[in-house]
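Here are the chains, one letter per residue:
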Amino acid sequence: MNERRAGLSPSSDVTFCTIAESTADAIRRVGPVADRHRLTIRSIDPDPRGASIRSAAAHLGLSLPDPVEVADVIHVSGALDDDQRTRLAAAIADPLLQHASWDPPQADGIEVTFLPGVTDTSADAVLHAALQLGIELTTAATARRIEFGGSVDADLADEVVRRVVANAVIERWGHGLVEPPHLDDAPGHADAELITIR
């Protein structure tokens, strides 16, 4: 391109960058992405729920050689800094009885969450606690994590969860880290319209 610009010599190194109008529109349409966090809460002493699962499985003829570990999982979304996460965890977990960690678990396990649309009263309590702390959360959801130990294969673990732990009518489960349903997964709500009948 042989074009002279005011104040620029022909030998000047100039880079021109143009953003197409359609690209700029696409960028403006992108909404903010919510930060998701998961808090795993474990009992410091052996959790009695683990012994109950193992006992119920034995009554069904399902042998579990290792102790069963149970943890509560709380999922929240919101732009939280480290101080807010620390204060929220302290409000939810009892430091004398429980250990809370924002790090994802490393052991194998199955996580059980509610199906979309099912009321999660524990999540409502988390939202209320955050509000009292002045921490803004977008959503909250809870889950249970069951760890059977390395000697139990995936099929047996799934059968125990299906027959002993979970309620398939209102819950779903999966191996590993399971994402809970959030508000965008919940059934939509329709506006009612009054129609005069003559």
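Residues numbered from 1 in each chain as written. Predicted model: local features only at pLDDT ≥ 70, side-chain atom pairs only at ≥ 80, totals over all residues. Heavy atoms only, no water.

Some thoughts on the overall build of the protein
Link 1 in the chain: Summing up its helical and strand segments, the protein has five helices and six strands in all.
Link 2 in the chain: Counting only residues that meet the buried cut, the protein has 30% of its 198 residues in that class.
Link 3 in the chain: Put simply, of all contacts in the protein between residues at least 6 apart along the chain, 79% involve residues at least 24 apart.
Link 4 in the chain: Of the roughly 13500 Å² of accessible surface on the protein, a fraction of 53% belongs to carbon and sulfur atoms. (Helix = DSSP H or I, 4+ residues; strand = E, 2+ residues; numbered from the N terminus. Buried < 20%, exposed > 50% of the residue type's maximum accessible area, 1.4 Å probe, protein only. Contact = heavy atoms within 4.5 Å. Areas by Shrake-Rupley, 256 points an atom, 1.4 Å probe, with all protein chains shown as cover.)

Points about the nonpolar core
Link 1 in the chain: Core analysis: the largest hydrophobic core is formed by 16 residues, its most contacted members being I53, L64, V68, I146, F148, V160 and V161.
Link 2 in the chain: Counting residues per element, the ones that place at least two in this core are α2 (48–59), β4 (110–114) and α5 (154–165).
Link 3 in the chain: If you tally residues by element for this core, the top one is α5, at four residues. (Core = buried A, V, L, I, M, F, W, Y, C linked by side-chain atoms within 4.5 Å.)

Regarding the sheet that holds β4
Link 1 in the chain: Overall, antiparallel pairing links the six strands, which are arranged β3-β1-β2-β5-β4-β6 in an open sheet. Edge positions in the open sheet fall to β3 (98–101) and β6 (171–175), since each of these has one partner strand only. Strand-to-strand twist in this sheet, taken as the mean axis angle between neighbours without regard to direction, amounts to 25 degrees.
Link 2 in the chain: Its contacts with the sheet put α2 on β2 (69–77) and β5 (139–147), and the angle it makes with β2 is roughly 120 degrees.
Link 3 in the chain: Strand contacts of α5: β4, β5 and β6, with the helix running at about 165 degrees to β6, the strand carrying the most contacts. (Pairing = 2+ DSSP bridges. Axes fitted to C-alpha atoms, helices over the stretch in contact; angles between N-to-C directions.)

So, the side chain of H75
Link 1 in the chain: Residue placement: H75 occurs in strand β2.
Link 2 in the chain: A residue is classified by how much of its surface remains accessible, and H75, at 5% relative accessible area, is buried.
Link 3 in the chain: Every residue in contact with H75, bar those within four places of it in the chain, is listed here: H37, R38, T139, A140, A141, A143, V178 and P180.

Considerations on helix α3 (residues 82–92)
Link 1 in the chain: Taken residue by residue, α3 has Q84, L88 and A89 as its buried positions. All buried residues of α3 project into a common sector of 130 degrees when viewed along the axis, lining one side. Of the exposed residues in α3, those oriented more than 90 degrees away from the buried face are D82, T86 and A90.
Link 2 in the chain: Tucked inside the fold, the buried residues of α3 contact β1 (36–43), β3 and α4 (121–133). (Arc of directions from axis to C-beta.)

Focus: the environment of A143
Link 1 in the chain: Along the chain, the position of A143 falls in strand β5.
Link 2 in the chain: Separated by 68 residues in sequence, A143 and H75 place their C-alpha atoms 8.0 Å apart.
Link 3 in the chain: Contact partners of A143, with chain neighbours within four places excluded, come to A71, D72, V73, H75, V112 and T113.

A look at the environment of R162
Link 1 in the chain: Along the chain, R162 falls in helix α5.
Link 2 in the chain: A sequence separation of 11 residues divides R162 from W173, and the C-alpha atoms of the two residues are 8.6 Å apart.

Description of the environment of H37
Link 1 in the chain: Within the secondary structure, H37 is located in strand β1.
Link 2 in the chain: Here the alpha-carbon distance between H37 and L80, two residues 43 residues apart in the chain, equals 8.5 Å.
Link 3 in the chain: Each residue touching H37, except ones within four places of it in the same chain, is listed here: I74, H75, V76, G78, L80, R85 and W102.

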